[in-house]
Structure formats: C-alpha cells, structure tokens
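Chain residues, written in single-letter form:
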Amino acid sequence: MQFEVDNVKALCIGCHLYWWHKHPIEAKEWAEKALGRARLNRLKKQANTVNKTPWDFKEIESELKNKIEELIG
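Residues numbered from 1 in each chain as written. Predicted model: local features only at pLDDT ≥ 70, side-chain atom pairs only at ≥ 80, totals over all residues. Heavy atoms only, no water.

## Details of a nonpolar patch on the surface
Step number 1: Where nonpolar side chains cluster on the molecular surface, the patch consists of Phe-3, Trp-55 and Phe-57 and spans about 340 Å² of accessible area.
Step number 2: Phe-3 sits in the partly exposed class, given a relative accessible area of 34%. (Patch = residues over 30% accessible without salt bridge, like charges linked within 9 Å, V, L, I, M, F, W, Y side chains within 5 Å. Areas by Shrake-Rupley, 256 points an atom, 1.4 Å probe, with all protein chains shown as cover. Salt bridge = Lys/Arg side-chain N within 4 Å of Asp/Glu carboxyl O. Buried < 20%, exposed > 50% of the residue type's maximum accessible area, 1.4 Å probe, protein only.)

Below is the structure:
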C-alpha cells in the first residue's frame, strides 16, 4: 500500500498527529467526504489482499510518474 497513489492523505503534521489519530470517527467521516466511499472501499479491499509478487521498483517508479502526470495534466 505504501506505493499506492490512491492511499494518500495530505495533512500537516499537526493535523495528522493531533486530529487524525485522536478523532478517528471524524477522520473517517472526513475521508469519506473528501476522498469518496468508492476510493476508500477500493483501498480497504486492497489492504486486505495479500500480494506475494516481488516488487519491481523501476516499474513502480514508472507507474507513479505516469499517475502523477495524469493528475497534473
């Protein structure tokens, strides 16, 4: 999950430490509103799936660069 672009929430350190972890119900509600339930469900399913394929870091780098290019246009 660490290289999954959809698995990103951009929070400052204060919000991450003092809000996200201390108020998990509010954080979940915020995530559903900000990211969408479909994206969260997809991430949850992916997090609960064991993938034993060896990592190819060059391929991961290429995929991430392509996704970033798509996002910034």
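Once you've had a look at it, read on.
## Structural notes on the packing of helix α2 (residues 24-35) against helix α3 (residues 37-47)
Step number 1: Contact geometry of α2 with α3 gives a least axis separation of 6 Å together with a crossing angle of 115 degrees. In terms of their interaxial angle, α2 and α3 are classed as roughly perpendicular. Residues Ala-31, Glu-32 and Leu-35 of α2 pack against Arg-37, Arg-39 and Leu-40 of α3. (Axes fitted to C-alpha atoms, helices over the stretch in contact; angles between N-to-C directions. Helix = DSSP H or I, 4+ residues; strand = E, 2+ residues; numbered from the N terminus. Parallel < 35°, antiparallel > 145°, perpendicular 65-115°, else oblique. Contact = heavy atoms within 4.5 Å.)

## Concerning the pattern of salt bridges
When the charged atoms of two side chains with opposite charge come close together, those side chains can pair.
Step number 1: Within this structure, the stated rule accounts for 3 salt bridges.
Step number 2: A salt bridge links Lys-28 to Glu-32, with the nearest nitrogen and oxygen atoms 2.8 Å apart. Within this pair, Lys-28 and its partner Glu-32 are both found in helix α2, separated by 4 residues, close to a single helical turn.
Step number 3: Look at Glu-32 and you get partly exposed, because its relative accessible area is 22%.
Step number 4: Of the charged contacts in the structure, one is a salt bridge between Arg-37 and Glu-32, with a shortest N-O distance of 3.4 Å.
Step number 5: With relative accessibility at 53%, the residue Arg-37 sits in the exposed group.

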